[in-house]
Amino acid sequence: MADIQSIKALSTADLLLSKSSGSVENGTTDFAQELKNALGNVNQMQVEGEKAMSDIATGSVKDLHQAAIAIDKAEISMKLMLEVRNKALNAYKEITRTQM
């Protein structure tokens, strides 16, 4: 029981400081940064998929199996990103319909 820490009050200055630094108090990144990282990963997979498709088209592919996997990863990551976007838009629309 001695290791329980007291809850401290947060001021507006504390919230603005954590927002401007891009991280929250416990050292994890915020939602916007995580979203940026996820979009960067999707973009990287798309680039790899496009490269694999162009290698297949030109006949310079070394491993057809790995090229097919890269293309499938790009497709699946894009579908996942679109579903996340759709869910976020639906949640936003639902929030805006909520009466206060």
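Quick look at the structure, then. (Residues numbered from 1 in each chain as written. Predicted model: local features only at pLDDT ≥ 70, side-chain atom pairs only at ≥ 80, totals over all residues. Heavy atoms only, no water.)

Here we come to the overall build of the chain. Within the chain one finds 3 helices and 0 strands. Going from N to C terminus, the chain has its helices and strands arranged as α-α-α. Looking at the chain as a whole, 8% of its 100 residues are labelled buried. Accessible surface computed for the chain: about 8,800 Å², of which carbon and sulfur atoms make up 61%. (Helix = DSSP H or I, 4+ residues; strand = E, 2+ residues; numbered from the N terminus. Buried < 20%, exposed > 50% of the residue type's maximum accessible area, 1.4 Å probe, protein only. Areas by Shrake-Rupley, 256 points an atom, 1.4 Å probe, with all protein chains shown as cover.)

Along the chain, Ser77 turns up in helix α3 (residues 64-97). Aside from chain neighbours lying at most four places away, what touches Ser77 is Val42, Met45 and Gln46. (Contact = heavy atoms within 4.5 Å.)

Together, Phe31, Leu35 and Leu39 make up an exposed nonpolar region whose accessible area comes to about 320 Å². Structurally, Leu35 can be placed in helix α2 (residues 31-58). (Patch = residues over 30% accessible without salt bridge, like charges linked within 9 Å, V, L, I, M, F, W, Y side chains within 5 Å. Salt bridge = Lys/Arg side-chain N within 4 Å of Asp/Glu carboxyl O.)

Okay, α3 next. With 34 residues, α3 ought to run about 50 Å at 1.5 Å a step, and its terminal C-alpha atoms sit 50 Å apart, in line with that. Considered for burial, the residues of α3 that qualify are Ala67, Ala70, Ala74 and Ser77. The secondary structure elements touched by the buried residues of α3 are α2. (Expected span 1.5 Å × (residues − 1).)

For the coordinates displayed, the defined rule picks out 3 salt bridges. One salt bridge connects Glu75 with Lys79, and the closest N-O pair in it is separated by 3.3 Å. Pair noted here: Glu75 and Lys79 are both in helix α3, with a separation of 4 residues, about one helical turn. The exposure class of Lys79 is exposed, given its relative accessible area of 52%. Among the salt bridges present, the one from Glu94 reaches Arg97, with a minimum N-O distance of 3.4 Å. Of this pair, Glu94 and Arg97 both sit in helix α3, separated by 3 residues, roughly a single helical turn. When its relative accessible area of 46% is taken as the criterion, Glu94 is described as partly exposed.

From the geometry alone we can't say anything about function, so treat these as descriptive.
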